[in-house]
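Residues per chain are reported as follows:
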Amino acid sequence: MPGVTHELMLTGVSVTRNEKLAQIFYRLNIIEAFGTGIPRVFGAYEGSHVEPEIPVIDGGFLIRIPNMNCTIKRGIAGGKITNGSNEQRLLDVFSDISFKKEDAADALGISASGAYKLLQRMTERGLLAARKEGNKWVYSCVLGQCE
């Protein structure tokens, strides 16, 4: 909404885009008060291994709210939360060294593009840290995830 910055939105400043819809939600007790939603969403994720994202786009914003219940379907080994054996293998093989997508592809026997997709997912979930070195991305395990 015009005039509402990312920072203001996070503090709970509310500008209603659809007044009728907001009133219906209020009457149905879906919302308690205007402007409390975003801070409440972030509060619900406090201490979680994932958190919501709010990328700002032209004319508005998106909110990506991760499903905290999906950990039920994930494998949990040694405190590491993984979606499959490839993730676990990467965490085990590269637990104490930095590596590139080509290294991951070789270790897993998959294509470089498949390794890149896997590394992106793991980075988004906080299992890996990524940094740029020259024109290549270098990955390393996040402390506490690879022990």
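Residues numbered from 1 in each chain as written. Predicted model: local features only at pLDDT ≥ 70, side-chain atom pairs only at ≥ 80, totals over all residues. Heavy atoms only, no water.

A. Representation of the pattern of salt bridges. Counted by the stated rule, this structure contains three salt bridges. The shortest N-O distance in the salt bridge between Glu102 and Lys136 comes to 3.1 Å. Taken together, the residues span a long stretch of sequence, with Glu102 in helix H5 (residues 101–108) and Lys136 in strand E6 (residues 136–141) at a distance of 34 residues. For the salt bridge of Arg131 with Glu133, the shortest nitrogen-to-oxygen distance reads 3.0 Å. Residue class for Arg131 comes out partly exposed when judged on its relative accessible area of 36%. (Salt bridge = Lys/Arg side-chain N within 4 Å of Asp/Glu carboxyl O. Helix = DSSP H or I, 4+ residues; strand = E, 2+ residues; numbered from the N terminus. Buried < 20%, exposed > 50% of the residue type's maximum accessible area, 1.4 Å probe, protein only.)

B. Structural detail: a nonpolar patch on the surface. Taken together, the side chains of Leu21, Ile24, Phe25, Leu28 and Ile30 present a nonpolar region at the surface, about 460 Å² in accessible area. Position of Ile24 relative to the elements: it lies in helix H2 (residues 19–27). On the accessibility criterion, Ile24 (46% relative accessible area) is partly exposed. (Patch = residues over 30% accessible without salt bridge, like charges linked within 9 Å, V, L, I, M, F, W, Y side chains within 5 Å. Areas by Shrake-Rupley, 256 points an atom, 1.4 Å probe, with all protein chains shown as cover.)

C. Looking closely at helix H6 (residues 112–124). Between its first and last C-alpha, H6 extends 18 Å over 13 residues, near the 18 Å set by a 1.5 Å rise per residue. In the core, the buried residues of H6 are packed alongside helix H4 (85–93), H5, strand E5 (128–133) and E6. Gly126 lies just past H6 and shows a positive phi near 85 degrees. (Expected span 1.5 Å × (residues − 1). Contact = heavy atoms within 4.5 Å.)

D. Region of the structure containing H5. Regarding H5, the residues found buried are Ala104, Ala105 and Leu108. Here the buried residues of H5 occupy an arc of 100 degrees about the axis, which is enough to place them on one side. Those residues of H5 hidden inside the fold are in contact with H4 and H6. Where H5 terminates, the next one or two residues include Gly109, which has phi positive at roughly 70 degrees. (Arc of directions from axis to C-beta.)

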